[in-house]
Structures are given as C-alpha cells and as structure tokens.
Amino acid sequence: MRQMGKISINVRYLEKLVYSTGKVAMKGIRRFALLALMLFLALAGTSSGAELGPLPASDNAHIDAPKAIPFDLPALKKNWRERIAAIKAKGMLPVIDIESSFNSNKLNLRRFAQAMDEAGIALIAYSHDANNTKWSDMAARVVSADPWRFIPTTNGGVHPAWTENPKEFLAETLKHAVSDGYPLLGEFEFRHYPSPRQLKRGELFRDVVVPINGPLGQELFAFAEKTGLPFEIHYEIEDALLPPLEEMLGRYPRAKVIWCHLAQIRYSGRSSVYGPAYVRGLLEKYPNLYIDVAFGDSSSKYPGSDEYHARVWSGGSVKKEWVELIVQQPWRFLAAFDLGGDRQDQLPEYNTKLRKFLNQIPEPAREIVAYKAAWKLLFGDELP
Ligand SMILES: [Zn+2]
C-alpha cells in the first residue's frame, strides 16, 4: 500500500466497516462497496501523482533503526523526487535545506517530519553533531527510519571532535563518506566565532581557528577534488581570511565547496572587501564555489559586536545588489536553515524567515535557489 500511514489506517477501518455492514447486507452489495472503496482510494492516491512519504513510526524510530548503509541513492532519489512533486502539487514551493545539524538523541523524528510536511520542506541535509566522537552513524539511522525526508550528510566538523582530534575525525569522516556513499560532507568550522547564544552563555570554546590552507584543509580539498563530493565550510567573513580561501579554491578547482552563511559578517570593522561585487568575482573565478543562505533576519544582532550581522538586508528588504547577483547566478546559491541541535522545535519560524528571503527573489531564480540548485549540485541531474 503506497499510501501515507494515516490513510492506510483509514483503509483498514473502512474495510472493517464495510465487512461489518456486509454481515447484515447481501454479499453482492458488500463486494460492490469494497470495489467502490478501492477505486475511490486508487483515484485519491493518484490525484496528486505523488506522495509526501509515510511518517516515521515514532519520535525515536531512528535511535535503534538499522543503518541504511551503503545508501541506496537511486531508491532514495525516487522517494525524494516524488516528495518534491507532491509539495509542488499542493501549490507550495519545495525547499531543500542544505545545512542543518542535529542532536539526534533529542530529536523527535516523527513530530519533526510532520512539521516539515506542514512547512513544505522537501528535504533536509541531515548532519549529526558528532560532539566528542570521531564518527557516528546517526544520519544513516535517521535515513533508515525516514527514507523520504533526509539527505544523509556526514557529521559536522565542530568542537571538540574537530578541534581536539582533527586528524582522526577527518580520516574517519572521509573513510565513511566513501564506503557508506554519503552525497555530502557536513559543515567544517575553519573560522568560527562563538554563536550569539554561546556568547550570551559565556561559552567561548567555539572560537575556532583551523587554517583553511593548513594540512587539514589541504587534505579535505584534495579529497573533494578527487571524489567530487561537496563539503561545507563555516568561515567568517573578514579581509585577512579571504586570500587563504582563494588560494585553496584556486589550487583545487574541482573541489565543490559550499561556503555557508552568505554575507553574515559579525564585525564590520574586519571586513571591507566582501560584498556583492566581490562575491560575483569569486563565483566567476571559481566555478565550483557555492554559497548557502543561512543567515539571521534583519533584526538579528551579533552580541559580540552589537551589529546587525545578516548584511543582505536593508530593513525588511533584500538589498537590490544581492538580488541581482542571485538572479544572475541562481545555481550557485542554496537554501539553508542552519537549524542546530537545540533549535529543532523552531522549524516553522526558520521556514517563515527563509521564505521571506526567497519571496524577494524573482522566478525562476527563486525556485532554483529553493531546491533545484541543491539537487543538481548533489546528484548532477536537473529536476523538472
Ligand atoms: Zn555555520
């Protein structure tokens, strides 16, 4: 039965009803009622031509789910295509979120999947917060429990695994990326200021500096160049950090790099170069550079500098120069939420914020940024 869970329950209920009715009715009528019901359901099932996919069995279905490795990408892609088509058939703009990470032990999987369906979120690149382990299979368990909504993504390169045992972490990540068939590597923090919430809590451990052109960066870029697997970087925007990044993009021209957080500048005093013209130049010079649009809303301030750090905004509008660039190069920009482990209940708010941005990008660029660019980057083919 290729139906959503809710409907298959209804089918069983209705069958029971029809059978019990049949006890007092003639056998022929019962058979006719059943046939009519089946015909109705068959038509209902095909009316949209596609499915959102069944919900996972429970909120913790992923915890003990078998690992889905190596991933059966053709089968997963079939589900995902159907899901995207189903969201479109409902009149919504599907979104592929290329960058979110989870504390899988605290994730309410079924509730989260329901929230995705309600918000028209087609797919989320699911990266587990590795915390202090050099590897975790949680993304593979999530995909096994819900093969309709999550793109398996390797564990994010975050403190402490990435900062304290980076060589081991990287070796394990690259090994699993290949043997398990991950289509995307999670976000590596090369330069990361503490997040606004961490600053407020006085947590400075996430003030991360890993030279992007050092040995770890060389290994990662070389791996990406060799395998064609895209990876994500967190790399604060400041003048001194731009030349080393360009050096790496130039040295590894086939490495597909997703630079997260378009125009998120924490300290304006450290950044005089970056802007729409500079980014246009980067995209023209480096054909495998991509940028995701995970940034705060126009009222979001970075507590470290007390500045509005999401620089794409001018009041409630996206600055016209950014819109122009995105319209010119839509395949290089990727929708993203940057949901973190402690923000999983905030999907509706993040969805509203992202769509406020997307709605200011004219079509067809909007649709490309929302989901088509991510699909093409990850899988090489284009969605209709
Ligand atoms: Zn980030």
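Criteria and thresholds
- Residues numbered from 1 in each chain as written.
- Predicted model: local features only at pLDDT ≥ 70, side-chain atom pairs only at ≥ 80, totals over all residues.
- Heavy atoms only, no water.
- Core = buried A, V, L, I, M, F, W, Y, C linked by side-chain atoms within 4.5 Å.
- Buried < 20%, exposed > 50% of the residue type's maximum accessible area, 1.4 Å probe, protein only.
- Helix = DSSP H or I, 4+ residues; strand = E, 2+ residues; numbered from the N terminus.
- Contact = heavy atoms within 4.5 Å.
- Expected span 1.5 Å × (residues − 1).
- Donors = N, O, S within 2.8 Å, 3.2 Å for Na, K, Ca; no water.
- Bend = angle between axes of the 7 residues up to and from the residue.
- Pairing = 2+ DSSP bridges.
- Right-handed = clockwise from strand over helix to strand, strands pointing away.

Asks: So, the nonpolar core: which residues are in play, and what are the values?
Replies: Core analysis: the largest hydrophobic core is formed by 115 residues, its most contacted members being Phe231, Trp259, Leu262 and Tyr274. It is helix H14 (residues 365-379) that contributes the most residues to this core, eleven residues altogether. Dropping the residues within four chain positions of it, Leu262 is found in contact with Tyr274, Ile291, Asp292, Val293, Ala294, Phe295, Val312, Trp322, Ile326 and Phe333.

Asks: If you had to explain helix H3 (residues 73-89) to someone new, which residues and values would you point to?
Replies: The first and last C-alpha atoms of H3 sit 24 Å apart over 17 residues, in line with the 24 Å expected at 1.5 Å per residue. Of all the positions in H3, only Leu76, Lys77, Asn79, Trp80, Glu82, Arg83, Ile84, Ala86 and Ile87 are classed as buried. Buried residues along H3 sit against strand E1 (95-102), helix H4 (109-119), strand E2 (121-128), helix H5 (138-145), strand E3 (150-153) and H14. Positive backbone phi, approximately 85°, marks Gly91, located one or two places after H3.

Asks: An account of the coordination of the zinc ion is requested, with residue identities and associated values reported.
Replies: Around the zinc ion, the donor atoms from the protein are Glu187 (OE), His234 (ND1) and His261 (NE2), and they sit 1.9 to 2.2 Å away. Ordering the donors of the zinc ion by residue number gives the pattern E-x46-H-x26-H. Of this pair, His234 sits in strand E6 (residues 231-235) while His261 is found in the loop between strand E7 (257-259) and helix H11 (276-285), placing the two residues 27 residues apart along the sequence. When sorted by exposure, His234 lands in the same class as His261, which is buried.

Asks: Pulling in residues and values, what's your account of H14?
Replies: In H14, a bend of some 50° at Lys372 exceeds every other bend along the element. Most of H14 is tucked away, with 13 of its 15 residues classed as buried. The positive-phi residue at the C-terminal boundary of H14 is Gly380, with phi of around 85°.

Asks: Provide a residue-level description of the pairing of E2, including the pertinent values.
Replies: Taken across its eight residues, E2 has eight buried, putting it largely inside the fold. Pairing analysis gives six bridges linking E1 to E2, with the strands arranged parallel. Across the sheet, Phe102 pairs through a bridge with His128, a residue of E2. With respect to chirality, the unit in which E1 leads through H4 into the neighbouring parallel E2 is right-handed.

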